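# Geometric and topological summary
Given next are the chains, with one letter for each unit.
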Amino acid sequence: MSAHATRTALAATPVPVAQKTRGFLRIVRHGAGPSSIYILTYHKLETNSPARKPVLAEDAEALIDLLERIGVDFRVEQVRGALEDILRFGSANIPDLWLSDEEMVERGLVEA
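Everything numeric here is computed off the predicted structure, so don't read it as measured data.

### Quick word on the confidence of the model for the protein
- When pLDDT is averaged along the protein, the result is 81, and 77% of the positions lie at 70 or above.
- By mean pLDDT, the top-scoring element of the protein is helix α3 (residues 77-89) (94), and the lowest-scoring one is helix α1 (residues 3-12) (54).

### As for the nonpolar core
- Judged by nonpolar contacts, the single largest core of 21 residues is most densely connected at Leu25, Ile27, Leu40, Leu67 and Ile94.
- Every element with two or more residues in this core is listed here: β1 (20-30), β2 (37-44), β3 (55-57), α2 (60-70), α3 and β4 (91-100).

### Comments concerning a negative patch on the surface
- The grouping of Glu58, Asp59, Glu61, Asp65 and Glu68 at the surface amounts to a negative patch.
- Checked against the element boundaries, Glu61 lands in helix α2.
- Residue Glu61 is classed as exposed on the basis of its relative accessible area, which comes to 59%.

Calculation rules
Residues numbered from 1 in each chain as written. Predicted model: local features only at pLDDT ≥ 70, side-chain atom pairs only at ≥ 80, totals over all residues. Heavy atoms only, no water. pLDDT = per-residue confidence, 0-100. Helix = DSSP H or I, 4+ residues; strand = E, 2+ residues; numbered from the N terminus. Core = buried A, V, L, I, M, F, W, Y, C linked by side-chain atoms within 4.5 Å. Buried < 20%, exposed > 50% of the residue type's maximum accessible area, 1.4 Å probe, protein only. Patch = residues over 30% accessible without salt bridge, like charges linked within 9 Å, V, L, I, M, F, W, Y side chains within 5 Å. Areas by Shrake-Rupley, 256 points an atom, 1.4 Å probe, with all protein chains shown as cover. Salt bridge = Lys/Arg side-chain N within 4 Å of Asp/Glu carboxyl O. Lys, Arg positive; Asp, Glu negative; His and termini not counted. Charge placed at Lys NZ, Arg CZ, Asp CG, Glu CD.

Shown next, in the form of structure tokens:
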């Protein structure tokens, strides 16, 4: 067997790609001022999704850090609007988050 045949066999082997699903992040503020806490819940837009696990952010700085870790793009107008809504109304949704099951577990958004 030649080295060329081995490379061809390896190239033909499909590499599994993590399937990403569409969802949104629900953020609810509890309290007012610097003592506020934030509860984040990721909702998948399909029926047979794993159990959702709320994530706690102890303050506004922890909320921003968590959103960065999740991969939220703060340059998007809808995201900036959602952050303003959290301050004004106490809750908001960040739409159009595409995450794979592995990414959701990694980021603590669903039970492992």
